[in-house]
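Residues per chain are reported as follows:
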Amino acid sequence: MTPQTLEAPANSAQRGLPLMARNPAVRAAIDSIVAELERAQSSITGARPADPARAAEAAAWLDRNRAVRGNSTFYPYVGDGFGNGPLVQLADGSVKWDMINGIGVHMFGHCDPRMVRAALEAGLSDLCQEGNLQFNADVLAVAELLVAEAARTSGIRHCFITNSGCMANESALKVCQQKTGGAPRIIAFADCFMGRSTTMSQIGDGPAYRQGVALNVLVDYMPFYDPALGQRSVDMAAWHLRQTIARYPKQHSCFVVEPVQGEGGFNTAPPEFFRTLMGICREAGIPVWADEVQSFGRTERMFHFEALGVGDLVDVVTIGKMSQVCACLMTPEMNPKPGLLSGTFSSSVSAYHVGLRALEIMRDGGYYGPSGRNATLHAAFREHAERLVKAHPACFPPVIDSHGRTQPALYGGTGGMMRLTPFGGDKDRIVKLLHAMFAEGVIAFYCGHGPYHIRFLAPVGVMEPTHMEPVFAIIASALRKVA
Ligand SMILES: Cc1ncc(COP(=O)(O)O)c(C=O)c1O
């Protein structure tokens, strides 16, 4: 991994650095901790198998997990709290390429010295949690950065910070409902995902997520873009949307859009699809809300609405994951009355400081644009995926979609959201492959609702295109074993 330089952050006071973290003696101590960390990390350079001497210790952790949490995890994963960029060390001593990152959270991978430094600085704060009644300057620094980035191409001017994507979404829904006088219905896309509260699990289009939940939310689902139909898909969705609005005039509080569907299968759509539908909602006075909790930071712009050129049509945006804190951002017209949005604490001080550092690096580090780091990493993924598919044709039969049609793409996504579809999208075989990959040293997950896909949320903050080589060598080896 490239060693990260030690640097003193500019404008410490404006960035909300705790007073003690600006003390020169303290800074020198932090420098030496970070230098020691970098020295230790340099021993981690690639995937390696578990250490037999730690097998009993790791097994005990997994038993304890089953006992205390009442279930087993998808993977036999307990981390060691150590790693080097995209590589993570587990409690069994193994090292693996982390291509899922806590489902998109650890964008700078593991033990990134810049993130560790930010967390150490945060540890010197007077607080552990920032509140909505009392807060320090770091809260304002994060909110200002997010608004400044969003405002470049949209009317977004305000930001309310939360500690989960789900709470950001709950806030967005309340804002939209208040704006529309408590309109009871919601327009959403088929296959969307929005979080785990009782309301969000009803809007999210997955039956398992709302099994046993008392249903009390009214949702009208729109078909998402279908690449096999092209413009016809845009026209059909527009027809569907107009029908829905005509059926329930003035009854919709919002149209919620995941600009890249995450759990639903890393589905993308062209700008004209969103512009057409958002335009219809704008005309009908229905607020448009972009749920970018999963896509935020990962595509060719920090906000994907900017990449799509639809910022002028967006009223509310929610973000999360890589930003460490989550947020509901809105235009002045959507700014709610006092009392609607609050909560005891908004997020931890370390989440604010690590999030701020991550956002600054993403903003200034050449990540965006058609030849930015996110796009370049995605191109390397596609190149390797293409080679893998060609070398293992039997593992990549045609993918049949829910209409019984053959889907053209065996890999896809955008930026740091990458998908690969072996075994015709069969879930059981994909899960088997994921476990084989895990055993050999690559951690990924799945997405989609049939066909299923292997999902990679690469640590775009620190992953280099050259890292795809060892990652794909492991995937190929696991594929041969499962096949
Ligand atoms: C699009 C989208 N919205 C909301 C959420 C919920 O975020 P959280 O799990 O942080 O509550 C997720 C989580 O995966 C998501 O992908």
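This structure is a prediction, so every number in the text was calculated from the model and none was measured. (Residues numbered from 1 in each chain as written. Predicted model: local features only at pLDDT ≥ 70, side-chain atom pairs only at ≥ 80, totals over all residues.)

J.: I would appreciate a short explanation of the site of the ligand in the present structure.
T.: Near the ligand lie 16 residues; those nearest to it are Gly165, Cys166, Gly195, Val293 and Gln294. In terms of residue count, helix H6 (residues 165-179) provides more of the shell around the ligand than any other element does, three residues in total. (Near = placed C-beta within 6 Å. Helix = DSSP H or I, 4+ residues; strand = E, 2+ residues; numbered from the N terminus.)

J.: What is the right way to read unusual backbone geometry from this model?
T.: Leaving glycine out, the prevailing phi sign among residues is negative, and the prevailing peptide bond configuration is trans. Of the consecutive residues Gly450 and Pro451, the connecting peptide bond is found in the cis state with omega at 0°. Relative to the assigned elements, Pro451 resides in the loop between strand S18 (445-447) and strand S19 (453-457). In this structure, Phe266 is a non-glycine residue whose phi angle is positive, near 55°. Structurally, Phe266 is set in the loop between strand S8 (252-257) and helix H9 (271-284). Residue Gln324 is not a glycine yet carries a positive backbone phi of 70°. Along the chain, Gln324 turns up in the loop between strand S10 (316-319) and strand S11 (326-330).

J.: Can you walk me through the sheet that holds strand S16 (residues 417-420) in this structure?
T.: Consider a sheet: its strands pair through backbone hydrogen bonds, and that pairing is either parallel or antiparallel. With respect to topology, four strands assemble into an open sheet ordered S15-S16-S19-S18, the strand pairing being antiparallel. Where the open sheet ends on each side, the last strands, each with one partner, are strand S15 (411-414) and S18. This sheet shows a mean twist of 35° between the axes of neighbouring strands, independent of strand direction. Sheet analysis places S15 next to S16, joined by four bridges and oriented antiparallel. Paired with Gly413 across the strands is Met418, a residue of S16. (Pairing = 2+ DSSP bridges. Axes fitted to C-alpha atoms, helices over the stretch in contact; angles between N-to-C directions.)

J.: Can you walk me through H9 in this structure?
T.: Within an α-helix, residues lying three or four positions from one another point in the same direction, as the helix has 3.6 residues per turn. Relative to the 20 Å expected for 14 residues at 1.5 Å per residue, H9 spans 20 Å between its end C-alpha atoms, a close match to the ideal helical length. Contacts made by the buried residues of H9 are with helix H8 (231-247), S8, strand S9 (288-292) and helix H10 (304-308). The positive-phi residue at the C-terminal boundary of H9 is Gly285, with phi of around 75°. (Expected span 1.5 Å × (residues − 1). Contact = placed C-beta atoms within 7 Å.)

J.: Mind showing me how you'd approach the pairing of strand S1 (residues 79-84) here?
T.: For a regular strand, side-chain orientation follows a simple rule: the groups alternate between the two sheet faces. Two strands pair when backbone bridges link them, and S1 and strand S2 (residues 87-90) are joined in this way by four bridges, in the antiparallel orientation. The residue of S2 that forms the bridge with Asn84 is Leu87. Here S1 folds back onto S2 in antiparallel fashion, the turn holding two residues, of which Gly85 has a positive phi close to 60°.

J.: For this particular structure, what's the right way to read the packing of H8 against H9?
T.: The geometry of a pair of packed helices is captured by two quantities: the angle between their axes and the separation between those axes. Packing of H8 against H9 leaves a shortest axis separation of 9 Å and a crossing angle of 20°. As judged from the angle between their axes, H8 and H9 are roughly parallel. In this structure, the crossing between H8 and H9 has a hand that is right-handed. Counting all contacts with H8, which are made through Val234, Ala237, Ala238, Leu241, Arg242 and Ile245, the residues of H9 involved are Glu272, Phe273, Thr276, Leu277, Ile280 and Ala284. Residues that form the contact of H8 with H9 fall into these classes: nine nonpolar, one polar and two charged. (Parallel < 35°, antiparallel > 145°, perpendicular 65-115°, else oblique. Left-handed = near helix turned anticlockwise from the far one by under 90°. Nonpolar A, V, L, I, M, F, W, Y, C, P; charged D, E, K, R; others polar.)

J.: What is the right way to look at the sheet that holds strand S6 (residues 185-189) in this model?
T.: If you walk across this open sheet you meet the seven strands as S5-S11-S10-S9-S8-S6-S7, and the pairing is mixed. Of all strands in the sheet, those with a lone pairing partner are strand S5 (158-162) and strand S7 (218-222), marking the two edges. The sheet shows a mean angle of 20° between the axes of neighbouring strands, taken without regard to direction. One ladder, built from five bridges, connects S5 with S11; its direction is antiparallel. Looking across to S11, one finds that Ile161 is bridged to Ala327. Of the strands in this sheet, S5, S8, S9, S10 and S11 touch H6, which is tilted by about 20° from S11.

J.: Any chance you could explain the domain arrangement of the chain here in plain terms?
T.: How big an interface is tends to be stated in terms of the accessible area lost upon association of its parts. Annotation of the chain at the domain level lists domain 1 (19-122), domain 2 (129-364) and domain 3 (373-482). If you average the C-alpha positions of domain 1 and of domain 2, the two centres end up 31 Å apart. Taken together, the contact pairs 10 residues of domain 1 with 11 residues of domain 2. Of all the elements, helix H4 (residues 113-122) adds the most residues to the side of domain 1 that touches domain 2, at six residues. Partitioning the side of domain 1 that touches domain 2 into residue classes produces seven nonpolar, one polar and two charged. (Domains from an automatic or database assignment.)

J.: Explain the nonpolar core to me, please; I cannot follow it from the model alone.
T.: Grouped burial of nonpolar side chains is what soluble globular proteins tend to show. One finds Val142, Trp289, Val317, Ala327 and Ala444 to be the most contacted residues of the largest nonpolar core, which totals 135 residues. In terms of residue count, helix H11 (residues 349-364) provides more of this core than any other element does, eight residues in total. (Core = buried A, V, L, I, M, F, W, Y, C linked by C-beta atoms within 7 Å. Buried ≥ 20, exposed ≤ 12 C-beta atoms within 10 Å, placed from the backbone.)

J.: I'm lost on the packing of H4 against H11 in this one. Help?
T.: At a minimum axis distance of 8 Å, the contact between H4 and H11 shows a crossing angle of 145°. Both H4 and H11 take part in a crossing whose hand is right-handed. For the pair formed by H4 and H11, the contact residues are Arg114, Met115, Ala118, Ala119, Glu121 and Ala122 on the first element and Val349, Ser350, His353, Val354, Arg357, Ala358 and Ile361 on the second. Of the residues assigned to the contact of H4 with H11, the class counts are eight nonpolar, two polar and three charged.

J.: Is there a simple way to think about helix H12 (residues 373-391) in this case?
T.: The end-to-end C-alpha distance of H12 is 27 Å, a good match for the 27 Å that 19 residues give at a rise of 1.5 Å each. Among the residues making up H12, those that are buried are Arg373, Asn374, Leu377, His378, Ala380, Phe381, His384, Ala385 and Leu388. Take H12 and look down its axis: the buried residues cluster within an arc of 160°, on one side only. Residues of H12 that are exposed and angled more than 90 degrees away from the buried face: Glu386, Arg387 and Lys390. Buried residues in H12 make contact with S15, S16 and helix H14 (468-482). (Arc of directions from axis to C-beta.)

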